[in-house]
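Chain and residue survey
For reference, the chains in residue letters:
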Amino acid sequence: MSRAVFFLLAAMTVFAADDPWAKVRDLKGGTELRIYKRGTAPPVLAKMDQLTGENLIVVVKTEQIAIARDQIDRVDYRPVKSRVTAETKTQTTDPDTRPGPYGSRSPGSSTSTNVGVASKPDFEEIYRRPTPPPKK
């Protein structure tokens, strides 16, 4: 009997580790989401607010809405990555020791910095409704 209980607990642990809804739960508030609802063509673009057991609560523009878990087919999120890149180059010049009418060139250095802003990263899928088992 204890082996059966142990096997059941082990199976529940494995199932819980593969729960895709847990990944949605781990998202931080304010994360950009693209939510595909069952029966609608265009996705809902929103920001994550909170997640309850049965509802995903998001902010669309200035309105807070709750979407039932059973109405969600897929959730994509935009990863938070730095969009600003900076590159600094330093060039050092040696003195010119050749004799000449113009004198000698003194040693020095010059530094240049380039700052770029990249576009937003693409959405990545984080949740997809599991397919139901086939009917017998």
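What comes next concerns the included structure. One numbering rule holds for all chains: residues counted from 1, following each sequence as written. In keeping with the predicted nature of the model, local features appear solely for residues at pLDDT of at least 70, side-chain atom pairs appear and are counted solely at 80 or more, and the whole-chain, interface and lining totals rest on all residues. With hydrogens and water stripped out, all remaining heavy atoms of the structure feed into the side-chain values.

Remarks on the nonpolar core
Defined as follows: For the purposes of this section, nonpolar cores are sets of buried Ala, Val, Leu, Ile, Met, Phe, Trp, Tyr and Cys residues that join through side-chain atoms within 4.5 Å. In this scheme, a residue with accessible area under 20% of its type's maximum is buried, one over 50% is exposed, and one in between is partly exposed, where area comes from a 1.4 Å probe on protein chains only. Runs of E in the DSSP output that reach at least two residues are strands. Runs of H or I that reach at least four are helices, and both are numbered from the N terminus. Throughout, a residue-residue contact means that at least one pair of heavy atoms, one from each residue, lies within 4.5 Å.
Counting 17 residues, the largest nonpolar core has Leu33, Ile35, Leu56 and Ile72 as its most contacted members. Counting only elements with at least two residues in this core, the list comes to α2 (20–25), β1 (32–37), β2 (44–51), β3 (55–60), β5 (72–77) and β8 (124–128). The element that contributes the greatest number of residues to this core is β2, accounting for four residues. Leaving out residues up to four positions away in the same chain, leucine 33 has contacts with Leu27, Val44, Leu45, Ala46, Met48, Leu56, Val58, Val75, Asp76, Tyr77 and Phe123.

As for unusual backbone geometry
The phi dihedral of lysine 61 falls on the positive side, at around 60 degrees, and the residue is not glycine. The topology assignment puts lysine 61 in the loop between β3 and β4 (63–68). For lysine 61, a relative accessible area of 80% puts it in the exposed group.

Concerning the pattern of salt bridges
Here is the rule we go by: Whenever a carboxyl oxygen of Asp or Glu lies within 4 Å of a side-chain nitrogen of Lys or Arg, that contact is scored as a salt bridge.
This model, assessed by the stated rule, comprises seven salt bridges. In this structure, lysine 120 and glutamate 32 form a salt bridge, with 3.7 Å as the shortest nitrogen-oxygen distance. Of this pair, lysine 120 sits in the loop between β7 (108–117) and β8 while glutamate 32 sits in strand β1, placing them 88 residues apart in sequence. Note on glutamate 32: relative accessible area 23%, which makes it partly exposed. The closest approach of N and O atoms between arginine 34 and aspartate 76, which form a salt bridge, is 3.1 Å. Pair noted here: arginine 34 is in strand β1 and aspartate 76 is in strand β5, with a separation of 42 residues, a long-range link. On the basis of relative accessible area, aspartate 76 is assigned to the buried category, the value being 2%. Shared partners join several salt bridges into a network, and the residues in it are Arg34, Arg74, Asp76, Glu125 and Arg128.

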